[in-house]
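Spelled out from the first residue to the last, the chains are:
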Amino acid sequence: QVQVVESGGGLVEPGGSLRLSCVASGSILRINVMGWYRQAPGKQRELVATSTSGGSTNYADSAKGRFTISRGNAKNTMYLQIDSLKPEDTAVYYCKVNLLPWSGSAMDYWGKGTLVTVSS
C-alpha cells in the first residue's frame, strides 16, 4: 500500500504566499520523481514542477519565478513554495510520485489534491 497526501492549501489574498507539502508513505522501495500538478476550474490538469531523486528540478514556464519545488531531508517529502500569489493560481494542487513499491513495477501514484484559492 502506498499513500500520497498533500496539505497546506487554503484561502490566500493576492500577493500572499503558501507552502504546500506532499508526503509519500507505505511500501516504498525507491522514489524516482516527485511532482506538483494543478487543475484550475474548467481547465485540464497541468504540470507545475518536478523534482528527481538526483536533485534535478524542472518547472513549467508558467511556474518559473514564483514557484519553488524542494525535497525534505526525508526524501519522501516534497514542498512547493508559491509566492506573489495571483487569482489565476487558484486550483487544486496535486502531488504525483513515480516510485518503485516493494512489490510490483514502478508506477505513478497521485494524491487527492489540496485546494488553493487566491481571492481578496
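In the block above lies the structure referred to throughout.
About the criteria used
Residues numbered from 1 in each chain as written. Predicted model: local features only at pLDDT ≥ 70, side-chain atom pairs only at ≥ 80, totals over all residues. Heavy atoms only, no water. Disulfide = S-S within 2.5 Å. Helix = DSSP H or I, 4+ residues; strand = E, 2+ residues; numbered from the N terminus. Buried < 20%, exposed > 50% of the residue type's maximum accessible area, 1.4 Å probe, protein only. Salt bridge = Lys/Arg side-chain N within 4 Å of Asp/Glu carboxyl O. Core = buried A, V, L, I, M, F, W, Y, C linked by side-chain atoms within 4.5 Å.

**Q** A description of the state of the cysteines should follow, citing residues and the corresponding values.
**A** Tallying each qualifying case throughout the model produces one disulfide. The disulfide partner of C22 is C95, and the S-S distance across this bridge is 2.0 Å. Looking along the S-S bond of the C22-C95 disulfide, the torsion reads about -65°, which is the left-handed sense. Of this pair, C22 sits in strand β3 (residues 18-26) while C95 sits in strand β9 (residues 91-101), and the two are 73 residues apart along the sequence. By the burial criterion, C22 is buried, and C95 matches it.

**Q** A description of the pattern of salt bridges should follow, citing residues and the corresponding values.
**A** Counting across every chain of the model gives five salt bridges. Across the pair D89 and R38 runs a salt bridge whose closest N-O atoms are separated by 3.0 Å. One end of the pair, D89, is in the loop between β8 (77-82) and β9; the other, R38, is in strand β4 (residues 28-39), with 51 residues separating them in the sequence. The buried category is assigned to R38, whose relative accessible area is 10%. With a shortest N-O distance of 2.8 Å, D89 and R66 are connected by a salt bridge. You can see D89 sitting in the loop between β8 and β9 and its partner R66 sitting in the loop between β6 (57-59) and β7 (67-71), a full 23 residues away along the chain. Per residue, the accessibility class of D89 equals that of R66, and both read buried.

**Q** Can you break down the nonpolar core residue by residue, with the values?
**A** Judged by nonpolar contacts, the single largest core of 30 residues is most densely connected at W36, L80, Y93 and V97. Put simply, the parts of the chain that give this core at least two residues each are β1 (2-7), β3, β4, β5 (46-52), β7, β8, β9 and β11 (114-118).

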